[in-house]
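Examining the three-dimensional arrangement
Residue strings, one per chain:
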Number of protein chains: 4
Amino acid sequence: MHSAPVTSPPAAAEGRLPFTHTLSFRVRYSETDQMGTFYNSRPLEWFECGRSELFRQLGMPYSSLEARGVFLPLVEAHLEYLGRARYDDLLQMTSVASFAGRARLRCDVGIVQAGSGKPVARGHTVHAFADRDGRAIRPPSWLLEALGNPEARGKSDPSRPISEPS
Amino acid sequence: MHSAPVTSPPAAAEGRLPFTHTLSFRVRYSETDQMGTFYNSRPLEWFECGRSELFRQLGMPYSSLEARGVFLPLVEAHLEYLGRARYDDLLQMTSVASFAGRARLRCDVGIVQAGSGKPVARGHTVHAFADRDGRAIRPPSWLLEALGNPEARGKSDPSRPISEPS
Amino acid sequence: MHSAPVTSPPAAAEGRLPFTHTLSFRVRYSETDQMGTFYNSRPLEWFECGRSELFRQLGMPYSSLEARGVFLPLVEAHLEYLGRARYDDLLQMTSVASFAGRARLRCDVGIVQAGSGKPVARGHTVHAFADRDGRAIRPPSWLLEALGNPEARGKSDPSRPISEPS
Amino acid sequence: MHSAPVTSPPAAAEGRLPFTHTLSFRVRYSETDQMGTFYNSRPLEWFECGRSELFRQLGMPYSSLEARGVFLPLVEAHLEYLGRARYDDLLQMTSVASFAGRARLRCDVGIVQAGSGKPVARGHTVHAFADRDGRAIRPPSWLLEALGNPEARGKSDPSRPISEPS
């Protein structure tokens with residue numbers, strides 16, 4: 001479902017899920033704790049930075065989604081802590097966004113030490129589509145089409161809240 | 001200017017500035033850093049907790065202010081770091097809210113170790129009155145009167161943004 | 001495995017896992033984001049507050065564990081976001097600590113709105129036993145015995161790092 | 001390498017205070033609050049990122065200072081909030097490090113919108129020199145010389161704690 005059709009030209013494949021993005025960053029002092037490594041909630045903040053850059057590279061900055069009234073709140077997050085990372089360590093984070101059914105996005109993330117490749121953390125987040133008030137909506141067709149969802153056939157209606165995301 | 005009129009009955013004096021509130025709390029693990037004490041930005045988060053409880057005790061929870069369209073963004077903050085506080089240390093924070101001119105609130109805060117009284121940090125924040133979009137407004141008369149501002153004479157008009165807070 | 005023997009006197013049952021603790025707290029302003037509810041990493045910080053109070057009530061404050069050289073770093077965390085919680089909302093968090101094998105602790109946590117009982121988030125964390133340098137250790141027998149682990153038979157040796165926690 | 005010979009050409013003068021560094025970064029979603037802009041404590045975290053890069057460019061990463069037992073805890077911080085910055089806004093931060101007497105460092109920081117130059121925040125931090133246990137020390141001569149302090153004449157003794165930083 002996620003693979004682009006064989007005949008699609010390279011240009012058209014851009015901006016389609018699954019989409020991979022890699023980001024390098026350093027651990028901030030504010031992100032450490034007295035154990036001497038990053039505090040356990042920081043990877044979720046880093047995951048968010050990765051999603052921001054991934055969406056920007058998709059040609060669809062997340063801020064522009066919210067400006068159009070589409071929010072992507074988390075419904076689930078999972079984290080595994082694989083190794084230490086200290087203040088100022090240079091880390092490399094790879095994020096892969098994909099569809100998880102029709103009304104969910106999923107990001108799978110891995111973080112390693114940039115130099116050694118030693119694993120630091122991995123995990124994933126699952127996102128619903130919601131309106132400004134947090135109510136679940138069907139993803140707008142302009143968004144599904146932009147992201148290359150094969151199920152985007154103008155079926156969705158972003159203005160109609162749904163009680164249970166399908 | 002800040003003192004309540006001599007003849008005011010005790011009940012009427014409540015809810016008037018200057019107003020003092022004391023709050024006890026423990027340092028969270030997430031608030032430490034690798035130096036082994038609280039990270040330097042945490043006192044601003046604690047100051048905010050103090051303001052929240054102070055406004056609640058004033059009979060005017062800050063959430064109710066925002067619900068009525070009045071925001072109190074910071075225009076200035078000052079911090080002095082006086083001593084260490086480690087994870088799980090029980091701290092005592094005293095916050096004093098007062099007017100700073102007609103269009104500013106000020107909170108002076110001191111934090112000490114609850115047991116020994118040893119100083120940890122002190123500082124202050126200065127707050128403007130703003131609308132939902134962050135534009136400076138004259139403080140609404142209902143708010144000034146509630147807070148006991150002697151200059152509250154129905155002069156203020158909360159619906160009229162002002163370019164420069166007076 | 002987790003249930004205390006039927007014949008144990010009430011006093012002995014205290015301080016034994018599984019152990020449940022409930023904590024009430026308000027959402028801080030610093031914990032919100034521009035979506036108007038708590039930012040997605042905050043529950044992990046709240047979980048930590050719950051563990052701190054749970055361990056204190058077990059008669060074994062987590063700070064005393066670290067003082068004795070035993071650290072409980074996270075190896076895994078899982079979160080489900082079930083409902084909104086806004087600034088100043090009063091939440092109630094129930095944490096249940098239990099053993100997960102011989103060398104792991106697990107905390108299952110549920111957070112609801114204190115008034116309505118409406119679910120906000122739930123999840124769990126899994127913790128290894130580690131020394132000051134983050135190396136996995138077998139949990140010390142004094143700790144296992146204190147926590148009521150039926151497998152505590154003096155088998156463990158806290159001074160010997162193990163490459164793979166069993 | 002860092003001490004400038006008397007006849008040093010301008011290039012060798014690098015690594016001396018006052019030293020200026022500019023850093024560009026985007027506002028993270030985790031750094032916003034329900035007011036729609038950055039939460040008031042975030043500038044202190046950004047200031048720290050600026051100091052980290054400034055020290056790295058001085059040829060003296062802050063992590064290497066701590067590795068040699070020299071810590072630079074804050075003794076004072078001051079912040080002025082000058083304008084809004086929203087999620088994903090690209091900001092430009094200029095940090096200037098200088099000596100404040102013999103036993104203090106000072107960083108003056110200004111943050112503007114990268115595109116428009118519109119001011120966002122400004123402030124400063126003042127830092128003591130301390131050992132691993134947080135006790136004030138005289139700054140080591142190797143550090144003073146490296147930073148180009150004219151008062152560095154081998155007078156300082158890093159191993160001797162001082163009760164009051166001079």
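Residues numbered from 1 in each chain as written. Chains lettered and ligands numbered in written order. Predicted model: local features only at pLDDT ≥ 70, side-chain atom pairs only at ≥ 80, totals over all residues. Heavy atoms only, no water.

1. Some details on the overall build of chain A
Counting its secondary structure elements, chain A contains four helices and five strands. For chain A, the proportion of its 166 residues judged to be buried stands at 51%. For chain A, restricting intrachain contacts to residue pairs at least 6 apart in sequence, the fraction spanning at least 24 positions comes to 66%. Of the accessible surface of chain A, which amounts to about 7,000 Å², a share of 50% is contributed by carbon and sulfur atoms. (Helix = DSSP H or I, 4+ residues; strand = E, 2+ residues; numbered from the N terminus. Buried < 20%, exposed > 50% of the residue type's maximum accessible area, 1.4 Å probe, protein only. Contact = heavy atoms within 4.5 Å. Areas by Shrake-Rupley, 256 points an atom, 1.4 Å probe, with all protein chains shown as cover.)

2. Details of the pattern of salt bridges
The tally for this structure, following the rule as stated, stands at 36 salt bridges over all chains. One salt bridge in this structure joins Arg 135 of chain C and Asp 133 of chain C, with 3.6 Å as the shortest N-O distance. On the accessibility criterion, Asp 133 of chain C (49% relative accessible area) is partly exposed. With its nearest N and O atoms 3.0 Å apart, the salt bridge here joins Glu 53 of chain D to Arg 56 of chain D. (Salt bridge = Lys/Arg side-chain N within 4 Å of Asp/Glu carboxyl O.)

3. Section: the relation of the copies chain C and chain B
Under the fitted operation, chain C is carried onto chain B by 0.0 Å of movement along the axis and a turn of 180 degrees, and the coordinates agree to an RMSD of 0.0 Å. Between the two chains, the operation in question is that of a two-fold axis. Of every C-alpha in chain C, the one belonging to Phe 25 of chain C sits nearest the axis of rotation, 5.6 Å from it. The overlap is high: 100% of the interface residues of chain C also sit at the interface in chain B, so the same surface is used on both sides. (Least-squares fit on C-alpha atoms with pLDDT ≥ 70 in both.)

4. Here's the deal with the sheet that holds strand β5 (residues 119-128) of chain C
Across the sheet, which stays open at both edges, the 10 strands sit in the order β1(A)-β3(A)-β4(A)-β5(A)-β2(A)-β2(C)-β5(C)-β4(C)-β3(C)-β1(C) with antiparallel pairing between neighbours. With partners counted over all chains shown, the strands left at the sheet margins are β1 (19-26) of chain A together with β1 (19-26) of chain C, one partner each. Between one strand axis and the next, the sheet turns through 15 degrees on average, direction left out of account. With nine bridges connecting them, strand β4 (residues 104-113) of chain C and β5 of chain C associate as antiparallel partners. (Pairing = 2+ DSSP bridges. Axes fitted to C-alpha atoms, helices over the stretch in contact; angles between N-to-C directions.)

5. Focus on the interface of chain C and chain B
Facing the 17 residues of chain C at the interface are 17 residues of chain B. Between chain C and chain B, the buried area comes to about 1,600 Å², and carbon and sulfur atoms account for 40% of it. Taken as a group, Arg 28, Tyr 29 and Tyr 87 of chain C account for 36% of the area that chain C buries against chain B, more than any other trio of residues on that side. Linking chain C with chain B are four salt bridges. When the shortest N-O distance is used, the salt bridge between Asp 88 of chain B and Arg 56 of chain C registers 2.8 Å. At the junction of chain C and chain B, the tally comes to 12 residue pairs in polar contact (both at pLDDT 80 or more). Put simply, the parts of the chain that give the side of chain C that touches chain B at least two residues each are α2 (42-57) and α3 (62-67) of chain C. Here the element with the most residues in the side of chain C that touches chain B is α2 of chain C; it accounts for seven residues. In terms of residue class, the side of chain C that touches chain B is built from five nonpolar, three polar and nine charged. (Buried area = accessible area lost by both parts, 1.4 Å probe. Polar contact = N/O pair within 3.5 Å; in protein donor to acceptor, adjacent residues only side chain to side chain. Nonpolar A, V, L, I, M, F, W, Y, C, P; charged D, E, K, R; others polar.)

6. Focus: the side chain of Asp 131 of chain A
All names here are of chain A. Residue placement: Asp 131 occurs in the loop between β5 (119-128) and α4 (141-147). Within the local environment of Asp 131, its side chain forms a polar contact with the backbone nitrogen of Asp 133, the two atoms lying 2.9 Å apart. Beyond its immediate stretch of four places on either side in the chain, Asp 131 contacts Gly 69, Phe 71 and Ile 137.

7. A short note on the state of the cysteines
Per the stated rule, a full pass over the model turns up zero disulfides over all chains. We note that Cys 49 of chain A lacks a disulfide partner, and the nearest cysteine sulfur, in Cys 49 of chain D, lies 11 Å from it. With a relative accessible area of 15%, Cys 49 of chain A lands in the buried category. Of all cysteine sulfurs in the structure, the one in Cys 49 of chain D sits closest to Cys 107 of chain D, which takes part in no disulfide; the separation is 13 Å. Its relative accessible area of 3% is what places Cys 107 of chain D among the buried residues. (Disulfide = S-S within 2.5 Å.)

8. Details of the confidence of the model for chain A
All names here are of chain A. Here chain A averages 85 in pLDDT, while 81% of its residues score no lower than 70. This model gives residues 1-13 a pLDDT under 50, and the stretch forms nine contacts once residues within four places in sequence are excluded. Both scores are given for the predicted complex: the pTM is 0.86, the ipTM 0.84. (pLDDT = per-residue confidence, 0-100.)

9. Observations regarding the interface of chain C and chain A
Contacts between chain C and chain A engage 27 residues on the former and 27 residues on the latter. Note on chain C versus chain A: buried area summed over both sides is about 2,100 Å², and carbon and sulfur give 52% of it. Counting the contacts that link chain C with chain A gives two salt bridges. Taking the shortest distance from any N to any O, the salt bridge between Glu 45 of chain C and Arg 42 of chain A comes out at 4.0 Å. Connecting chain C to chain A are 15 residue pairs in polar contact (both at pLDDT 80 or more). Those elements that provide at least two residues to the side of chain C that touches chain A are α2, α3 and β2 (74-81) of chain C. Of all the elements, β2 of chain C adds the most residues to the side of chain C that touches chain A, at eight residues. Among the residues forming the side of chain C that touches chain A, the class breakdown is 12 nonpolar, five polar and 10 charged. Where strand β2 (residues 74-81) of chain A meets β2 of chain C, five bridges bridge the pair, whose relative direction is antiparallel. Across the sheet, the residue bridging to Glu 80 of chain A is Glu 76 of chain C, located in β2 of chain C.

10. Quick notes on unusual backbone geometry
Most of the time, phi is negative for any residue but glycine, and the peptide bond is trans. Residue Pro 18 of chain B is bonded to the preceding Leu 17 of chain B through a cis peptide linkage, with omega at -5 degrees. Here Pro 18 of chain B lies in the loop between α1 (10-13) and β1 (19-26). Phi angles above zero are rare outside glycine, and Asp 88 of chain D is one such case at about 75 degrees. Among the structural elements, Asp 88 of chain D can be located in the loop between β2 (74-81) and β3 (90-99).

11. Examining the relation of the copies chain C and chain A
The two copies are related by a screw motion: chain C maps onto chain A through a turn of 180 degrees and a shift of 0.0 Å along the axis, at an RMSD of 0.0 Å. When the interface residues of chain C are mapped onto chain A, 100% of them again lie at the interface, so the same face is used by both copies.

12. Some words on the packing of aromatic side chains
All told, the structure shown has 28 aromatic pairs over all chains when counted by the stated rule. Relative to Trp 46 of chain A, the ring of Phe 38 of chain A lies with its centre 5.3 Å away and its plane at 55 degrees, an arrangement referred to as tilted. Accessibility expressed as a relative area gives 7% for Phe 38 of chain A, which makes it buried. You can call Trp 46 of chain A buried: its relative accessible area is 0%. Ring pairing ties together the aromatic residues Phe 25, Phe 38, Trp 46 and Tyr 81 of chain A, which thus form one cluster. Here Arg 68 of chain C stacks its cationic end above the ring of Trp 142 of chain C, 3.6 Å away from the centre of that ring. (Phe/Tyr/Trp six-rings, centres within 6.5 Å; stacked < 30°, edge-to-face > 60°. Lys NZ or Arg CZ within 6 Å of the ring centre and 35° of its normal.)

13. Re the sheet that holds strand β3 (residues 90-99) of chain B
Hydrogen bonds between backbone atoms are what pair the strands of a sheet, whose relative direction is either parallel or antiparallel. Within the open sheet, the 10 strands sit side by side as β1(B)-β3(B)-β4(B)-β5(B)-β2(B)-β2(D)-β5(D)-β4(D)-β3(D)-β1(D). Their pairing is antiparallel. Each edge of the sheet is formed by a strand with only one pairing partner; in this case those strands are β1 of chain B together with β1 (19-26) of chain D. Between one strand axis and the next, the sheet turns by 15 degrees as a mean value, whatever way the strands run. By the bridge criterion, nine bridges tie β3 of chain B to strand β4 (residues 104-113) of chain B in an arrangement that is antiparallel. Looking across to β4 of chain B, one finds that Gln 92 of chain B is bridged to Val 112 of chain B.

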